Amino acid sequence: THFGFETVPEEEKAKRVYKVFENVAQKYDVMNDAMSLGVHRLWKDALLHAMHPQPGARLLDVAGGTGDIAFRFLEYVRSQQQRRERRVARSMQTQSWQDISSSYGTEGEDGPRESRAVVCDINKEMLKVGKQKADSTGTSAGLSWVVGDAEELPFDDEQFDIYTIAFGIRNVTHIDQALQEALRVLKPGGRFLCLEFSKVTNPVLAKLYDAYSFQMIPVLGEVIAGDWKSYQYLVESIRRFPDQEEFKRMIEDTGFYCAQFHNLTGGVVALHSGFKL
Ligand code: SAM
C-alpha cells in the first residue's frame, strides 16, 4: 500500500485514526455525501428499517461521530409515536378506552417512555460538530454526547436496548474487544447492529468500485477537505476489514445469537446483527 497503515504498531494506529477524524470533522458530513454520492443516507435508512425501534428504546451509537444514526433513531421513534397517536385518535371515535390503551405498547403509567440515544465517539471534534448540529436544529432533546473508546466503553453493564456502530468498527484496533463491550452494555434481549463497508459480491461492480474508491476517494478528499492521506487511509481500512462471513463468525464467537447479515448495494456495505440473550 502507499500509506503503510498495517505496518504501524497498534497504539500508533489509534493515534492516526484520531488525527484523520480530527482533520475531517468539520467537513465530514459534506464528504460523506460527496463520496457516497448520497447513498450513505440510504444505508443508514436501511439500518433504521432493520432496527425498527419502539418508543422508549435506549440506543447506544458507538463511533457515532456527528450523530447521523442517533438523529435518525429519534426521528424514527417520533414518527412511530405519531402514527400510534393518530391510531388512538381514530379509535377514540369508535372504541372503548380499554381497546385504546391496549393499542399502546411500551408506555408506563404516565404514557410512553421517552426514547433516548447516547452518541459515543473517541473523537471530541466529531462529537462537537454533531452537538452543534443538534443545537442549531433544535433536535438535542433525548440525545447525549459522550467521549469514549469502543474497546472500553464508559458505561455500566446492561444499559441499552440497541447498540449500533456505523462505519466505525473498521477503525477500532481490536475488533473482538469492541464486540465484547457491545455485548456487555446491552440488556438481555438487546440487539447489536453494525453497518460497515464489506466485500462487493458482483465481479463487475467490484471492478468499478475498486477503480472508484482507489482513484476517486483520495482525490475528492484532497479537493474538498485538502486531505489526501486521510482519505487514502479510509480506502485502505476498508480493504483490510474482514468479509461478511468472517465478521459474522466474529459476532457469533463473541456470544451473540442469531447473527446474520444483509448486503446493501451489492456488498459495498453489509448490515450485520445479533442478539444478546
Ligand atoms: N457513525 C458515523 C456515521 O456513520 O456517519 C461516523 C462514522 S466515522 C467514518 C468513524 C468514527 O469512528 C469517527 O468519528 C471516529 O472518531 C470513530 N472512532 C474511531 N475509533 C474509535 C474507537 N476506538 N472508539 C470509538 N470511536 C472510534
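Quick note: structure is the one above.
Thresholds applied
Residues numbered from 1 in each chain as written. Predicted model: local features only at pLDDT ≥ 70, side-chain atom pairs only at ≥ 80, totals over all residues. Helix = DSSP H or I, 4+ residues; strand = E, 2+ residues; numbered from the N terminus. Buried ≥ 20, exposed ≤ 12 C-beta atoms within 10 Å, placed from the backbone. Axes fitted to C-alpha atoms, helices over the stretch in contact; angles between N-to-C directions. Left-handed = near helix turned anticlockwise from the far one by under 90°. Contact = placed C-beta atoms within 7 Å. Nonpolar A, V, L, I, M, F, W, Y, C, P; charged D, E, K, R; others polar. Near = placed C-beta within 6 Å. Pairing = 2+ DSSP bridges.

Visitor: When you look at unusual backbone geometry in this model, what are you seeing that I'm missing?
Guide: A negative phi angle is the norm for most residues apart from glycine, just as the trans form is the norm for most peptide bonds. Although it is not a glycine, His52 sits at a positive phi angle of roughly 40°. Within the fold, His52 resides in the loop between α3 (39-51) and β1 (58-62). Judged by the 11 C-beta atoms lying within 10 Å of it, His52 falls in the exposed class. One non-glycine residue, Ala63, lies in the positive phi region at around 55°. Along the chain, the position of Ala63 falls in the loop between β1 and α4 (68-92).

Visitor: How should I be thinking about the packing of helix α2 (residues 28-36) against helix α8 (residues 203-225) in this particular structure?
Guide: Two quantities define a packed helix pair, namely the angle between the helix axes and the distance between the axes. In contact at an axis separation of 10 Å, α2 and α8 are set at 145° when each is read in the N-to-C sense. Here the hand of the crossing between α2 and α8 comes out right-handed. In this structure, α2 uses Val30, Met31, Ala34 and Met35 to contact α8, whose residues at the interface are Ile217, Leu220, Ile224 and Ala225. Tallied by class, the residues present in the contact of α2 with α8 amount to eight nonpolar, no polar and no charged.

Visitor: For this particular structure, what's the right way to read the site of the ligand?
Guide: In the vicinity of the ligand there are 20 residues, among which Ala63, Gly65, Asn123, Ala150 and Asn171 approach most closely. Mapped by element, the contributors of at least two residues to the shell around the ligand are α1 (10-24) and α4.

Visitor: Would you mind showing me how to read the sheet that holds strand β3 (residues 143-147) here?
Guide: Hydrogen bonds between backbone groups are what pair the strands of a sheet, and the pairing can be parallel or antiparallel. If you trace the seven strands from one edge of the open sheet to the other, you get β3-β2-β1-β4-β5-β7-β6, paired in mixed fashion. Looking at the sheet topology across the chains shown, the edges are occupied by β3 and β6 (257-264). Along the sheet, successive strands turn relative to each other by an average axial angle of 15°, direction set aside. Of the pairings in the sheet, the one linking strand β4 (residues 160-166) to strand β5 (residues 186-197) comprises six bridges and is parallel in character. Within β5, the position partnered with Ile165 by the bridge is Cys194.

Visitor: Help me understand the environment of Gly266, please; the structure alone is not making it clear to me.
Guide: Inspection of the secondary structure puts Gly266 in the loop between β6 and β7 (269-275). For the pair Gly266 and Lys199, spaced 67 residues apart in sequence, the C-alpha separation works out to 8.6 Å. Those residues in contact with Gly266 that lie beyond four places of it in its chain are Val200, Thr201, Asn202 and Leu205.

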